Amino acid sequence: MAFIEIKNLSHIYHRGTEQELCALDNVNLTVEEGEFVAVLGANGSGKSTLARHINGLLLPDKGQCLVAGLNTTNAEELWQIRQQVGMVFQNPDNQLIAGLVEDDVAFGPENLGMKPAEIRRRVSRALAAVGMEDFRQFAPHLLSGGQKQRVAIAGALAMNTKCLILDEATAMLDPEGRQEVMAAVQRLHEEKGLTVICITHFMDEAAQADNVFVMQAGHIVQTGTPQQVFAKAEPLRKLGLAVPLAVELTWKLRQHGLNLPQDILTEDDLVTALEAAYVH
Amino acid sequence: MSIEVKNVTYIYMPKTPFERVALADVSLTIPEGSFTAIAGHTGSGKSTLVQHLNGLLTPTSGAVLVDGVNIGDKSKTGRQQAQTARQQVGMVFQYAEHQLFEESIAADIAFGPANQELSAEEIDQRVREAMGIVGLDYDTYHDRSPFSLSGGQMRRAAIAGVLAMRPKYLVLDEPAAGLDPSGREELLQQIKRLHKEQNMTIVMVSHSMEDIAKLADNVIIMAQGKVAAQGTPREVFAQDNLLRQAGLRPPQIAVMMQRLSAAGLPVNAHVLTPEEGLQSLLEVFHVK
Amino acid sequence: MLNNIMLGQYFPGDSVLHRLDARVKLVLLLLMLIEVFVFTSGPAYGFITVVTGLLIFLSGVPVRLVLRSLKPLWWIVIFTFVIHLFSHPGQELARVWHFAITQEGVVQGTLISLRLLLLILLSTLLTFTTSPLQLTDALESLLAPGKCVGMPAHELAMMMTIALRFIPTLISETDKIMKAQQSRGADFTTGNILKRLKNMVPILVPLFLSAFRRADELALAMEARCYRGGQGRTRMKELRIRRVDYWAMAAFVVFSMVMGVSLYI
C-alpha cells in the first residue's frame, strides 16, 4: 500500500453560504514512501487545501485520505498521522512558537510526551540535520527567513516525521533563502529517505521531484515526471505557471526546428544538449 | 532634475552594543525619467537606502536632495519646501497590502490625497485615475472592502493609494514578492507601463536579476552599506566577479550563455534577456 | 524609532544566575522587591545597591547592556527625583523661582529614584538570565495549585510564551506600518489628543488584522505539531531544584537579615 492514498477527496469551504467554494473536487493521488512529489498550481487552485488534508488539519467532505494506512477522520489515529507528516507553512514568522530556537524545536516532542533526555537528543539531531546547531540559543526574530524555515523543518524532524509537506514554504523568501531551504530539503530526502511533498508555484523546485501533479480549480489536471509535465510548456503557462528557463528555451528552439531532446529540464541538460548539437 | 544622495551615512542604534553602520558614505544619483533598480544581498543596506529617499530615515550624516531641495532641511525657511519635496517621492513597501485599513477601496486610496488637503472633487478624480492605472475597475471595486480582494489585487490597491498622491518618483521595495507567477508578471507590466506611459521615475528594489534585466535602465548594486556598482544592466551584469562578491548572480540566461561560450560555441555571451539568448542561439544554429 | 525598546531580552550564558531554577529566581526576586519597599533606610538601600551590582557582575551580562535597558525609563526616574526634590518641606538648600529645594527633598528624591532603579534593574536581570520559556514554565508551575480552583495555568503560560515570542515581531511590524502611512502623509505628532487618537486608526487596523492573521496561522502550525493543550505534555528543560538553588535561598536569608539589621544602624 502506498504511504499516502487520497481517494475521491472533495472539500467545500463555507458550505451552504453565498461564498460556497469547492476547493477540491474528487481528487485522487498516491505518494509512495521516500518519494519527492511536487504539487504545482496558481493561487486558488486548491493545492494548499490538499496539503492540509494530508495531516488532518482539514477533514474530507467526501472521500478519504489515508496516511500509512491510518485515516484522518479517525480522531485517535489523527495524532499518529500528524507525528508522521510534518508541515512547513508559508510565513516564516508565524509558525515558530517559542522565544528560543531549541525550545521551539522541542515543542513537537514535548506535545508527544517524550522524556526530557530523549527530547534533547532529538532536538540536537534535528538542528544538525538542517545545519542550524549554532543557532540553538537564538531568538527567532534574529534569524533570516531561510533560517526560520529551516528551524521549522527541524521542528518537524524532531517528531521523527516520515514525510515533510512544504506548503509554499519558500514563497516569501529571497533567492538565497529559497536555495538554502531547498538544499536542506533535498539533502534530507536523499540521505534520510524523507518523503517530500512540495507545494509550490516555482517550477524549478518541481524539477527535482520524482513526480509532479498540476492542479487547477480543485482538480489535478496533469500528472507525470517533471520531463513529461514540462514537455507541454504552453498549457502550463495558461495555468499561470512560469516554466523553467531551460524548458522554455528548449521548447522555442525545437519550434524553430532545432533537433533537441524532449526531456531537458535544467540548464545543465540544455548546455550539454546544445554542445552536442553544435558538434554535429 | 533627479534624486541625489550625497555622502549619506546611517548608523542604527548608535552608541549601543547593537550599533551597526547600515550605510557608509553613500553617494549616488537617480536621474529623473530613469527606471532604476537597486539590488543587493539581505543586509546590504538597500532597504535603509530607499527609506532615506522620502525622509523616513534621516541620515546620520550627509544629505538627500530631491530636485535640488534638501529634504532634511529643518530651518524655518526651508522646512515647507523640504516637505513638498518629500511628497514628490512615493513609497511602496514590501507586502504593501498590509497597510490597507479603510472600509472601502476608494476610501483607502483617498487617504493620501486627503492628507494633502485636496478638494473632494480632486480627491475623487485622483482615486479614479489611480485605480485605472493599476487596473482596478472603479465602478466594480470602489465600494468594496479592500479585504475582499485577492492577494494580487490588494497589492495593486495599496500601490494605487500611493499613486493617488501623484508622486514624481515612485520607490517600490520588492513589489512582486510573494505573488504567484501570473500575478507577478501582471504587476511588473503595470510598473513598466507607469514608467513608459506616465513618465514616472521608478526606483525598484528587487532580488530578481531577471526582472532587473528586463525592466531597468539603471542598476545600483549595494554591498556592505556601500554602492558596489552603478550603470546600465549590461555594464553591471558584465562584472561577474563584482556581482558574486555582492552575493548576487547575473540573470540565468547570461550564466547559461557564458557557459556555452566557454564551451566553444560562438554565442553572444553578453545577453541579458531570454529573448536575446534565443536570438543568438538561432543565429549560431542557422535556424529561423 | 521603536527599535530602542528592549523587552524580555534573554542573554544566553552559563552563570550562576542562569543556572538557578526559574521558580526560585522568580520567587526570590519578588521577595527582594518587597524588601526594597519595606526597608526604606539609607544603609539598607546602600546595601541592596551593592548586592544588585554584585548580581549584575555574577550574571555575566555586559553592564552596558543592563544600563541600556534603563534607557526608555530614565525620564521617569529623573522626573520622580525632581518632583520629590521640591515637594518635601524642611531645611531649605536652594531656591528655583518660587520653589524651594530642601534637604529632606534631596534625601527622599534620591531614595525613591534609587528604589525605582533597583526595581527595574532587578527585574531586568531576571529576564536577562532566564529564557522566555523557562519564565513561563516557572509561572505555570507556580500557578499549578490554582488549577484545583479552575485557574487555566497552562493556557496562561502558553499565552505568555507566545506573547513574548511575538513582541519583537509586532514592534517591527508597527514600525513598518507607521512608515508606510507616514509615506502617505499621515501625521502622528500634531493635533490634540482626540485628533491624535483618530490618527492612530490607520496603524491600529492593519496591526490588529495582522495579529489576527498571525494568530490564525500560528494555531494551525501548533495543531500540525500535535499540540492539544497541557495534558500529557512533557518538557525538554524540566524545572528542578538543585544544590545551587539551596545556596541561593540561604544567601537570600542572610541578605534579608542584613537588611533587617540595617534598619537599626
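Residues numbered from 1 in each chain as written. Chains lettered and ligands numbered in written order. Predicted model: local features only at pLDDT ≥ 70, side-chain atom pairs only at ≥ 80, totals over all residues. Heavy atoms only, no water.

K.L.:
Residues and numbers for the overall build of chain C, please.
P.N.:
Check the secondary structure of chain C and you find 10 helices and two strands. Scanning chain C from its N terminus toward the C terminus, one meets helices and strands in the order α-α-α-α-α-β-β-α-α-α-α-α. A buried classification covers 44% of the 265 residues belonging to chain C. By sequence separation, contacts in chain C at least 24 residues apart represent 73% of the contacts at least 6 residues apart. Taken as a whole, chain C presents about 14,200 Å² of accessible surface, with 72% of it coming from carbon and sulfur. (Helix = DSSP H or I, 4+ residues; strand = E, 2+ residues; numbered from the N terminus. Buried < 20%, exposed > 50% of the residue type's maximum accessible area, 1.4 Å probe, protein only. Contact = heavy atoms within 4.5 Å. Areas by Shrake-Rupley, 256 points an atom, 1.4 Å probe, with all protein chains shown as cover.)

K.L.:
Explain the domain arrangement of chain C to me, using residue names and the numbers behind them.
P.N.:
What the domain assignment reports for chain C is domain 1 (1-130 + 240-265) and domain 2 (155-233). If you average the C-alpha positions of domain 1 of chain C and of domain 2 of chain C, the two centres end up 31 Å apart. (Domains from an automatic or database assignment.)

K.L.:
Would you mind going over the state of the cysteines in detail, with residue names and values included?
P.N.:
This model, assessed by the stated rule, comprises zero disulfides over all chains. Free of any disulfide, C:C226 has its nearest cysteine sulfur in A:C163, 14 Å distant. Classification of C:C226 by relative accessible area gives buried; the value is 0%. (Disulfide = S-S within 2.5 Å.)

K.L.:
Would you mind going over the pattern of salt bridges in detail, with residue names and values included?
P.N.:
A full pass over the atoms with the stated rule returns 40 salt bridges over all chains. Where B:R184 meets B:D211, a salt bridge forms, and the shortest distance between an N and an O atom there is 2.5 Å. Here B:D211 lies in helix α8 (residues 209-215) and B:R184 lies in helix α7 (residues 181-197), a separation of 27 residues in the sequence. In this structure, C:R240 engages C:E238 in a salt bridge whose closest nitrogen and oxygen atoms are separated by 3.5 Å. Residue C:E238 is classed as partly exposed on the basis of its relative accessible area of 45%. (Salt bridge = Lys/Arg side-chain N within 4 Å of Asp/Glu carboxyl O.)

K.L.:
Which residues make up the interface of chain A and chain B, and what values go with them?
P.N.:
Facing the 25 residues of chain A at the interface are 27 residues of chain B. Surface buried jointly by chain A and chain B totals about 2,500 Å² across both partners, of which 69% is contributed by carbon and sulfur atoms. Area buried by chain A at its contact with chain B is led by A:L245, A:H256 and A:Y278, which between them contribute 23% of it. Joining chain A to chain B, the criterion identifies one salt bridge. There are five residue pairs in polar contact (both at pLDDT 80 or more) connecting chain A and chain B. The set of elements that each furnish at least two residues to the side of chain A that touches chain B consists of α6 (175-192), α10 (245-255) and α11 (267-279) of chain A. The dominant element in the side of chain A that touches chain B, judged by the number of residues it contributes, is α11(A), at eight residues. By residue class, the composition of the side of chain A that touches chain B is 15 nonpolar, four polar and six charged. (Buried area = accessible area lost by both parts, 1.4 Å probe. Polar contact = N/O pair within 3.5 Å; in protein donor to acceptor, adjacent residues only side chain to side chain. Nonpolar A, V, L, I, M, F, W, Y, C, P; charged D, E, K, R; others polar.)

K.L.:
Which residues make up the pairing of strand β4 (residues 61-66) of chain B, and what are the values?
P.N.:
Residue and element names in this part refer to chain B. Here strand β1 (residues 2-12) runs beside β4; their pairing, made up of five bridges, is antiparallel. Counterpart to E4 in the pairing with β4 is L65. Both β4 and strand β5 (residues 69-70) contribute to a ladder of two bridges, which runs antiparallel. The residue of β5 that forms the bridge with V66 is V69. Where β4 folds back onto β5 in an antiparallel hairpin, the turn is made up of two residues, including D67, whose phi is positive at roughly 50 degrees. (Pairing = 2+ DSSP bridges.)

K.L.:
Quick rundown of the interface of chain A and chain C? Include the residues and the values.
P.N.:
At the interface, 39 residues of chain A touch 31 residues of chain C. Summed over both partners, the interface of chain A with chain C buries about 3,300 Å², with 57% contributed by carbon and sulfur atoms. Taken together, the connections running from chain A to chain C amount to 16 residue pairs in polar contact (both at pLDDT 80 or more). Taken together, the elements giving at least two residues each to the side of chain A that touches chain C come down to α2 (75-84), α3 (101-111) and α4 (116-129) of chain A.

K.L.:
Could you give me a rundown of the sheet that holds strand β10 (residues 219-224) of chain A, with the residues and numbers involved?
P.N.:
Residue and element names in this part refer to chain A. An order of β6-β7-β8-β3-β9-β10 is seen for the six strands of this open sheet, with the pairing classed as mixed. Unpaired on one side and paired on the other, β6 (85-88) and β10 mark the two borders of the sheet. Here the strands of the sheet are splayed against their neighbours by 20 degrees on average, with no regard to which way each runs. (Axes fitted to C-alpha atoms, helices over the stretch in contact; angles between N-to-C directions.)

K.L.:
So what's going on with the packing of aromatic side chains? Residues and values would help.
P.N.:
A full pass over the atoms with the stated rule returns eight aromatic pairs over all chains. Taken together, a centroid distance of 5.0 Å and an interplanar angle of 85 degrees make the contact between B:F101 and B:F111 edge-to-face. Within this pair, whereas B:F101 is found in the loop between β6 (89-92) and α3 (105-115), its partner B:F111 is found in helix α3, the two being separated by 10 residues in sequence. Relative accessible area serves as the criterion here: at 9%, B:F101 is assigned to the buried category. The class of B:F111 is buried, set by a relative accessible area of 13%. The structure contains a cluster of three or more aromatic residues connected by ring pairs, namely C:F47, C:F252 and C:F255. A cation sits over an aromatic face here: A:R178 above A:F202, 3.6 Å from the ring centre. Above the plane of the ring of B:Y138 lies B:R128, whose end atom (NZ or CZ) is 4.0 Å from the centre. (Phe/Tyr/Trp six-rings, centres within 6.5 Å; stacked < 30°, edge-to-face > 60°. Lys NZ or Arg CZ within 6 Å of the ring centre and 35° of its normal.)

K.L.:
Describe in detail the domain arrangement of chain A, supporting the description with residues and values.
P.N.:
Residue and element names in this part refer to chain A. Annotation of chain A at the domain level lists domain 1 (32-59 + 69-230) and domain 2 (244-280). Of the roughly 470 Å² buried between domain 1 and domain 2 on both sides combined, carbon and sulfur atoms contribute 82%. There are zero salt bridges connecting domain 1 and domain 2. On inspection of domain 1 and its partner domain 2, the count reaches zero residue pairs in polar contact (both at pLDDT 80 or more). Those elements giving two or more residues to the side of domain 1 that touches domain 2 turn out to be α7 (203-206) and α8 (226-231). If one sorts the elements of the side of domain 1 that touches domain 2 by residue count, α8 sits on top with three residues.

K.L.:
Please set out the sheet that holds strand β7 (residues 169-173) of chain B residue by residue, giving values where relevant.
P.N.:
Residue and element names in this part refer to chain B. In space, the six strands of this open sheet follow the order β6-β7-β8-β3-β9-β10, with mixed pairing throughout. Two strands in the sheet have a free side with no partner beyond their single neighbour: β6 and β10 (226-231). On average, adjacent strands in this sheet sit at an angle of 15 degrees to one another, irrespective of strand direction. As judged from the five bridges shared by strand β9 (residues 218-223) and β10, these two strands associate in the antiparallel manner. Directly across from A223, in β10, lies its bridge partner K226. In the packing of helix α1 (residues 46-53) onto the sheet, contacts are made with β3 (35-40), β6, β7, β8 (201-205) and β9, and the angle to β3 comes to roughly 145 degrees.

K.L.:
Help me get a handle on a nonpolar patch on the surface, residues and values and all.
P.N.:
Residue and element names in this part refer to chain C. Together, V27, L31, I34, F37, V38 and L142 make up a nonpolar patch on the protein surface, roughly 500 Å² of accessible area in all. The element best represented in the nonpolar patch is helix α2 (residues 22-38), accounting for five residues. Inspection of the secondary structure puts I34 in helix α2. (Patch = residues over 30% accessible without salt bridge, like charges linked within 9 Å, V, L, I, M, F, W, Y side chains within 5 Å.)

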